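Results of the structural survey
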Amino acid sequence: MPDIPSSNVPDEMVNEPVRYLDADLVKGGPQEGIALCLSGGGYRAMLFHLGCVWRLFETGYLARLDRISSVSGGSITAGVLGLAWNKLFSGGANDLDLYRQFVVGPVRSLAGETIDATAIVGGIFLPGSISEKVQKAYRKHLFHDAALQDLPDRPRFVINATNVQSGVLWRFSKPYMRDYRVGEVRAPKVAMALAVAASSAFPPLLSPLEMGLDPADFTPGSGDDLQCEPFTKKVILTDGGVYDNLGLETAWKRYRTILVSDAGGHIGAEEEPKEDWARHSYRVLNLIDSQVRSLRKRQLISAYENSIRKGAYWGIRTNIADYGLADPLPCPFGNTTKLAEVPTRLKRVPDELQEQLINWGYAVCDAALRKHVDQSLQRPADFPYPSAGL
């Protein structure tokens, strides 16, 4: 369905941080419920979000989520969390030992491996594409033979990629995978490793990922203008952050309470930008991402302030002092700024730095929750890794 001209969108929705379509307006608006959005940012984001989810688990808010929407590095954490979900909550209690075993352990193990450079070299000099090498690494270290059908029914996990052919979001989930222009495939038999590799296919080097499909698997009439071959036979995907760098789209249109964890990087000034095509392209892509992220963030905060949505935003570049709490965990802004400068890579992260990124995600999520979501929450006694601090 075509995008709605801005004149057809109600005034209060014009400046929201997502793009509305005709179908979005006839559904009756967002419903009660809580969604969590996990941004991209490579291993930096993966570890930062691990700390955020840790605090959400402790407070009981994780179990209350209706949807978890992720892109790129955030999808790595979301994928591990989704596959561990039933183990975490089968007993009905918040057992941190289970979280450490089934979520923290696998994610930290992956953070000890460099997979982007290995995949690039292997994709250039050996049979198979770079994206296939990334899938193989995810399968080996995290997901093994798990598929989308192994995710829980609730909350709905949505792993977002970008369809390069149609130019819109491609959503992987347990009930379906879809692109509103191409259509939907119900109960997709897709490996978790493939879905997460598509979501984290950072351009230009880890992108694209090619996924073969059977046109007969599509629900008849579920696409708008592109439900035909070759679009239904082969999908070319890139990083979900190319289209939606906060993972907001699928959450914002559905729920009233939105929690956003943003571990996106910051692009600094360069006196002499590189002029070769690869590094110049990378710089330009980062500029575009930075601008779009900043715009979405401003619109998001404005929506909170104007009571269009409830919830909270926290970012890896946030100054924790800005929350105005009397008792935040000690997070010197100079130290947290350095953590935000960790490169957007799938490159090995030393153990102490891993723990500091987890601590920072935990602390800033705690501050945001206690300030904007639930003021009855008690301050945590310490960081997950007290000896690492910040």
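Coordinates for the structure precede this section.
The following paragraphs examine the structure supplied in this document. As the structure is a computational prediction, the values presented were derived from the model and not from experiment.

So, on to the overall build of the protein. A tally of regular secondary structure across the protein gives 11 helices and 10 strands. By the burial criterion, 55% of the 390 residues in the protein qualify as buried. Total accessible area computed for the protein in this model is approximately 16800 Å², and 51% of it derives from carbon and sulfur atoms.

Here we take up the environment of G41. The topology assignment puts G41 in the loop between β1 (31-38) and α2 (42-59). In this structure, G41 is in contact with S72, G73, A263 and T344, ignoring residues within four places of it in sequence.

Now for the nonpolar core. Grouped together as the largest cluster of nonpolar side chains are 97 residues, with contacts concentrated most on Y138, W170, F172, M211, W314 and W360. In terms of residues, this core owes the most to one element, α2, which gives 11 residues. Contact partners of M211, with chain neighbours within four places excluded, come to W170, F172, M177, V190, L194, K233, K234, V235 and L237. Formed by 14 residues, the second largest nonpolar core is a distinct cluster that contains A35, I258, A303 and Y313.

Quick reminder: α-helices carry 3.6 residues per turn. Residues three or four places apart thus point the same way. The end-to-end C-alpha distance of helix α3 (residues 73-89), which contains 17 residues, comes to 24 Å, matching closely the 24 Å that a straight helix rising 1.5 Å per residue would cover. At L83, α3 is deflected by roughly 45 degrees, the largest bend along its length. Among the 17 residues of α3, 14 are classified as buried, and the element is accordingly described as predominantly covered.

Taken as a whole and assessed by the stated rule, the structure comprises 16 salt bridges. A salt bridge links D116 to R345; the shortest N-O distance between them is 2.5 Å. Linking D116 in helix α5 (residues 116-125) with R345 in the loop between α10 (333-340) and α11 (351-373), this pair joins segments that are 229 residues apart in sequence. Taking the relative accessible area as the measure of exposure, D116 reaches 5% and is therefore buried. Through salt bridges that share partners, R55, E58, D327, D366 and R370 make up one connected network.

Two measures describe an aromatic ring pair: the distance that separates the ring centres and the angle between the ring planes. Within this structure, the stated rule accounts for 8 aromatic pairs. Look at F57 and Y99: their rings are 5.5 Å apart centre to centre, the planes differ by 20 degrees, and that puts the pair in the stacked class. Of this pair, F57 sits in helix α2 while Y99 sits in helix α4 (residues 96-111), and the two are 42 residues apart along the sequence. Overall, the relative accessible area of 1% leaves F57 in the buried class. Taking the centre distance of 4.6 Å and the plane angle of 45 degrees together, the rings of W85 and F89 count as tilted. Of this pair, W85 and F89 both sit in helix α3, 4 residues apart, roughly one helical turn.

Rules used in this analysis
Position numbers for residues count from 1 along each chain, tracking the sequence in the order it is written. Residues qualify for local features only when their pLDDT is at least 70, as the model is predicted, and side-chain atom pairs are given and counted only at 80 or more; totals for whole chains, interfaces and linings, by contrast, use all residues. As a rule here, side-chain values come from all non-hydrogen atoms in the structure, and water together with hydrogens is ignored. For the purposes of this entry, the term helix denotes a DSSP run of H or I that reaches at least four residues, the term strand denotes a run of E that reaches at least two, and both are numbered from the N terminus. Throughout this description, buried means an accessible area under 20% of the type-specific maximum (1.4 Å probe, protein chains only), exposed means over 50%, and partly exposed covers the range between. With residues, only the protein chains shown are counted as cover, and all accessible areas are computed by Shrake-Rupley using a 1.4 Å probe. The contact criterion used is simple: two residues touch if any of their non-hydrogen atoms lie within 4.5 Å. Throughout, nonpolar core names a set of buried Ala, Val, Leu, Ile, Met, Phe, Trp, Tyr and Cys residues whose side chains join them through atoms within 4.5 Å. Each residue after the first adds 1.5 Å to the expected span of a helix. Throughout, the bend at a residue refers to the angle made by two axes, fitted to the seven residues ending there and to the seven starting there. Only one rule defines a salt bridge in this text: a Lys or Arg side-chain nitrogen within 4 Å of an Asp or Glu carboxyl oxygen. Aromatic pairing here means that ring centres of Phe, Tyr or Trp (its six-membered ring) are within 6.5 Å. Orientation follows from the plane angle: under 30 degrees is stacked, over 60 is edge-to-face, and everything else is tilted.

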